[in-house]
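Each chain, written out:
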Amino acid sequence: VQLVESGGGLVQPEGALRLSCAASGVSGFTFSRYVMSWYRQAPGKERELVASIIIGGGITNYADSVKGRFTISRDNAKNTVYLQMNSLKPEDTAVYYCNARLLVNNYWGQGTQVTVSS
């Protein structure tokens, strides 16, 4: 399974970005079984979980720091997961990574940089 993130960039505080993560090398049915997550890692900090989505999008989980501002969603027909980020803050600056997990299988994307600055 290969994961390719896109959508990062430079945005001003209170702005918005939408990240996408496209999975390849897996059938649509199998992709739907994966727990898909977004993590982020800021300079000098550990990688942290931002949001997760499972079971076709019926169950989601968010870090407290992004609740009410970020929304994770998935399109199993397109093998893609999204992260809509609104009301961005400078502390959201980090490299954002897509993760796919199913039982013992665990895959990571290469990451996309998000910088929030005026």
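Look up: the structure comes first, before these words.
A quick note: this is a predicted structure, and the numbers were derived from the prediction, not measured.

Asker: Any chance you could explain the state of the cysteines here in plain terms?
Answerer: Disulfides are covalent bonds that link the sulfur atoms of two cysteine residues. This structure, assessed with the given rule, holds 1 disulfide. Put simply, Cys21 and Cys98 are joined by a disulfide, and their sulfur atoms are 2.1 Å apart. Across the S-S bond linking Cys21 and Cys98, the dihedral sits near -80°, which makes this disulfide left-handed. Taken together, the residues Cys21 in strand E3 (residues 17-24) and Cys98 in strand E9 (residues 94-102) connect sequence positions 77 residues apart. Just as Cys21 is buried, Cys98 falls in that class too.

Asker: Is there a simple way to think about the packing of aromatic side chains in this case?
Answerer: Two aromatic rings, taken as a pair, are described by how far apart their centres are and by the angle between their planes. In the structure shown here, the tally under the stated rule is 2 aromatic pairs. Judged by centre distance (6.3 Å) and plane angle (50°), the rings of Tyr34 and Tyr107 are tilted. Residue Tyr34 is located in the loop between helix H1 (28-31) and strand E4 (35-41), and its partner Tyr107 is located in strand E10 (residues 105-108); the two are separated by 73 residues in the primary sequence. Taking the relative accessible area as the measure of exposure, Tyr34 reaches 6% and is therefore buried. In this structure Tyr107 comes out as partly exposed when scored by relative accessible area, which is 25%. Of note, Arg47 hangs over the ring of Tyr97, and the distance from its end group to the ring centre comes to 3.8 Å. A cation over an aromatic ring shows up here: Arg47 above the ring of Trp108, its NZ or CZ 4.6 Å from the ring centre.

What counts and what doesn't
- Every chain begins its residue count from 1, and numbering advances along the sequence as written.
- Residues qualify for local features only when their pLDDT is at least 70, as the model is predicted, and side-chain atom pairs are given and counted only at 80 or more; totals for whole chains, interfaces and linings, by contrast, use all residues.
- For the side-chain quantities, the full set of heavy atoms in the structure was used; hydrogens and water were omitted.
- Count a disulfide wherever a pair of cysteine sulfur atoms falls within 2.5 Å.
- Numbering of helices and strands starts at the N terminus; helices are DSSP runs of H or I of at least 4 residues and strands are runs of E of at least 2.
- We call a residue buried when its accessible area falls under 20% of the maximum for its residue type, exposed when it is over 50%, and partly exposed in between, using a 1.4 Å probe and counting protein chains only.
- For this analysis, a ring pair means two rings from Phe, Tyr or Trp (six-membered ring only for Trp) whose centres lie within 6.5 Å, classed as stacked if their planes differ by under 30 degrees, edge-to-face if by over 60, and tilted for the remaining angles.
- Ring-over charges, as used throughout, are those where CZ of Arg or NZ of Lys falls within 6 Å of the ring centre and within 35 degrees of the ring normal.

So, to be careful, I would describe these as geometric facts and stop short of saying anything about function.
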